[in-house]
Amino acid sequence: MRTTRILGGLLLLAVVGAGGFAALAWRSELDPIKPPERSAFPPERIAQGAKLASLGYCAQCHTAAGGKPFAGGYPLKTPFGTIYGTNITPDPETGIGTWSEEAFARSMGEGVDREGHHLYPGFPYDHFTRISADDNRALYAYLMTREPVRAEAPANELPWPLQFRPLLAGWKLLFLDQGAFKDDPARSAEWNRGAYLAEGVAHCGACHTPRNLLGARETDRKFAGGESEGWHAPALNEASTAPVPWDQDSLYAYLRKGVSEDHALAAGPMAPVIRNLSSVPDEDIRAMATYIADGMGERRPAPPAGAVPAGNGAATVYAGACANCHEPGGPLQFAAPVDLAKATSIAQPDPRNVIQAIMGGVMTPDAAAAPLMPGFAHILTDKQIAELTAYLRTRFSGQPAWTDIEGHVARIRSETGSAGGSSTRITKGE
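These lines cover the structure that appears in this document, whether it is placed above or below. Quick caveat: nothing in here was measured; it's all calculated off a predicted structure. (Residues numbered from 1 in each chain as written. Predicted model: local features only at pLDDT ≥ 70, side-chain atom pairs only at ≥ 80, totals over all residues. Heavy atoms only, no water.)

1. Quick word on the pattern of salt bridges
Counted according to the given criterion, the structure contains 20 salt bridges. Residue Arg 130 pairs with Asp 177 through a salt bridge whose shortest N-O separation is 3.0 Å. In this pair, Arg 130 is assigned in the loop between helix 5 (125-128) and helix 6 (133-143) and Asp 177 in the loop between helix 7 (167-175) and helix 8 (189-199), connecting sequence segments 47 residues apart. By relative accessible area, Arg 130 is classed as buried at 19%. Residue classification places Asp 177 among the exposed positions, given a relative accessible area of 52%. One salt bridge connects Asp 262 with Lys 342, and the closest N-O pair in it is separated by 3.0 Å. Of this pair, Asp 262 sits in the loop between strand 5 (259-260) and strand 6 (264-265) while Lys 342 is found in the loop between helix 14 (323-326) and helix 15 (352-360), placing the two residues 80 residues apart along the sequence. Several salt bridges share partner residues, and in doing so they unite Glu 29, Arg 114 and Glu 115 into one network. (Salt bridge = Lys/Arg side-chain N within 4 Å of Asp/Glu carboxyl O. Helix = DSSP H or I, 4+ residues; strand = E, 2+ residues; numbered from the N terminus. Buried < 20%, exposed > 50% of the residue type's maximum accessible area, 1.4 Å probe, protein only.)

Written as structure tokens, this is what we have:
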């Protein structure tokens, strides 16, 4: 009898717990609407939404390669699997054409779609919850006046039980801090504007803040460095390892043009961000630079670079593949940071960005222009790339040597699908 009572009690607790979780996870479906006409939105509101969409580089994650803008299908690779950007054109069947303004605002602030489904935090609603009601209305107006495109996004590639969306209610309970941004009265208007943009629509911390095992931002380590699509997103606080400290002016130059002569050229996932920001007013770029620079803190001088062992074979590869552009007086100088002793990527905690640049090259911030640096994935072997990466770290930074460079090269080669180079050694002058 005692055992029966215990089992009955456990069953009752399980039923109550399941009912409580169901109540927590349930969200109502909001009524569909007929797609509104463009005339329903004031032109100035649409223009405001266009600026906000550029600040949030919405098109980047909601446009497949070669696809129509905002029609979805972009594969966002995460540690848990691949999530595909959804169609956010006003198509009534495959997009958001039947979404009311209320449904749109709920998705931004709570991560719940019109039908009541919880959204994966690959859509950064943990940032978008900070966006004001007025800016949400503007974004809605802009998106609902885009060209409707009928396009189904591919199914997300996630393992069970992550396909079970109600589990996201528990994730939100633990990690989603809802609520619009509030100004800090002790700060300037420019600082507050920059904080609002960087923490909200621009969601800078989505890449530049480390994440825990459940994929949530470690908010006590804001801007301490993170990752994005196989690249390291460097720290934007006092943990920055940039040889030359970033300041407001250099951050502004980088966000405005994609180049800071003492730091870096925008590459990898940051390149499309810069292209989107090109249409954003100067005052907003300056405001974000002001806010981020304020959090960089005081920096110690970078340690001197180490000595390179004599006879290092990577020096030959460097002379043949790199020196023409990266040594003073070379014939192929560009308006870009060529002093590798100042390069942020070479001073970072791991070698991913250097390897990505060597293998895939670097595009100019203007996507229509030619590459600024060619990729060497098809020319150099994995061993040569690893040796060159180690050589750059030793010669141009005073930081400790990187570990597992060969492993990083192999993983990046596998992820990018690029073919290996020949075994032919590069010599100076080739």
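Once you've had a look at it, read on.
2. Looking at helix 16 (residues 382-396)
Residues that lie three or four places apart on an α-helix share one face, since the helix turns once every 3.6 residues. An ideal rise of 1.5 Å per residue puts 21 Å on 15 residues; helix 16 measures up with 21 Å between its terminal C-alpha atoms. Considering only its buried residues, helix 16 is in contact with helix 13 (313-321), helix 15 and helix 17 (405-416). (Expected span 1.5 Å × (residues − 1). Contact = heavy atoms within 4.5 Å.)

3. Description of the pairing of strand 1 (residues 75-78)
Each regular strand shows side chains that alternate between the opposite faces of the sheet. In terms of strand pairing, strand 1 meets strand 2 (residues 81-84) through 4 bridges, oriented antiparallel. Its bridge partner lying in strand 2, Leu 76 is registered against Ile 83. Where strand 1 hands over to strand 2, the hairpin turn is made up of 2 residues, counted between the paired strands. (Pairing = 2+ DSSP bridges.)

4. Concerning a nonpolar patch on the surface
On the surface, a cluster of nonpolar side chains totalling about 340 Å² of accessible area is made up of Trp 160, Phe 164 and Leu 167. Mapped onto the elements, Phe 164 comes out in the loop between helix 6 and helix 7. (Patch = residues over 30% accessible without salt bridge, like charges linked within 9 Å, V, L, I, M, F, W, Y side chains within 5 Å. Areas by Shrake-Rupley, 256 points an atom, 1.4 Å probe, with all protein chains shown as cover.)

5. A short note on the packing of aromatic side chains
Enumeration according to the criterion identifies 12 aromatic pairs in this entry. With centroids separated by 5.9 Å and ring planes inclined at 50 degrees, the aromatic side chains of Trp 160 and Phe 164 adopt a geometry described as tilted. With a relative accessible area of 62%, Trp 160 lands in the exposed category. Residue classification places Phe 164 among the partly exposed residues on the basis of a relative accessible area of 36%. For the pair Trp 246 and Tyr 254, a centre-to-centre distance of 5.5 Å together with 70 degrees between the ring planes defines the contact as edge-to-face. (Phe/Tyr/Trp six-rings, centres within 6.5 Å; stacked < 30°, edge-to-face > 60°.)

6. Points about helix 13
Within the span of helix 13, buried status applies to Ala 314, Val 317, Tyr 318, Ala 319 and Gly 320. Along its buried surface, helix 13 packs onto helix 14 and helix 16.

7. Overview of the packing of helix 8 against helix 12 (residues 282-294)
At a minimum axis separation of 7 Å, helix 8 and helix 12 run at an interaxial angle of 90 degrees. Viewed along their axes, helix 8 and helix 12 adopt a mutual orientation that is roughly perpendicular. Between helix 8 and helix 12, the contacting residues are Glu 190, Trp 191, Arg 193, Gly 194, Ala 195, Leu 197, Ala 198 and Glu 199 on the first element and Asp 284, Arg 286, Ala 287, Met 288, Thr 290, Tyr 291 and Asp 294 on the second. Here the residues of the contact of helix 8 with helix 12 sort into 7 nonpolar, 2 polar and 6 charged. (Axes fitted to C-alpha atoms, helices over the stretch in contact; angles between N-to-C directions. Parallel < 35°, antiparallel > 145°, perpendicular 65-115°, else oblique. Nonpolar A, V, L, I, M, F, W, Y, C, P; charged D, E, K, R; others polar.)

8. Regarding the packing of helix 4 (residues 101-110) against helix 6
Their axes nearest at 10 Å, the elements helix 4 and helix 6 cross at an angle of 115 degrees. With respect to the hand of their crossing, helix 4 and helix 6 are arranged in right-handed fashion. Facing Glu 101, Phe 104 and Met 108 of helix 4, the residues of helix 6 in contact are Asn 136, Arg 137, Leu 139, Tyr 140 and Leu 143. Grouping the constituent residues of the contact of helix 4 with helix 6 by class yields 5 nonpolar, 1 polar and 2 charged. (Left-handed = near helix turned anticlockwise from the far one by under 90°.)

9. Considering unusual backbone geometry
Here the amide bond leading from Trp 160 into Pro 161 is cis, since omega sits at 10 degrees, within 30 degrees of zero. Its place among the elements puts Pro 161 in the loop between helix 6 and helix 7. A positive phi angle is found at Tyr 57, which is not glycine, with a value near 35 degrees. Under the relative-accessibility criterion, Tyr 57 is labelled buried at 13%.

10. Focus: the state of the cysteines
Any covalent bond linking the sulfur atoms of two cysteines counts as a disulfide. All told, the structure shown has 0 disulfides when counted by the stated rule. Here Cys 61 is not disulfide-linked; the sulfur of Cys 207 is the nearest cysteine sulfur, at 8.2 Å. Accessibility expressed as a relative area gives 30% for Cys 61, which makes it partly exposed. (Disulfide = S-S within 2.5 Å.)

11. Here we look at the nonpolar core
Side chains of nonpolar character tend, in soluble globular proteins, to be buried together. Of all hydrophobic cores here, the largest spans 53 residues; its most connected members are Leu 55, Leu 277 and Met 288. Secondary-structure elements contributing two or more residues to this core are helix 2 (43-55), helix 4, helix 6, helix 8, helix 10 (248-257), helix 11 (270-277) and helix 12. Those residues in contact with Leu 277 that lie beyond four places of it in its chain are Ser 54, Leu 55, Leu 255, Arg 256, Ile 285 and Met 288. (Core = buried A, V, L, I, M, F, W, Y, C linked by side-chain atoms within 4.5 Å.)

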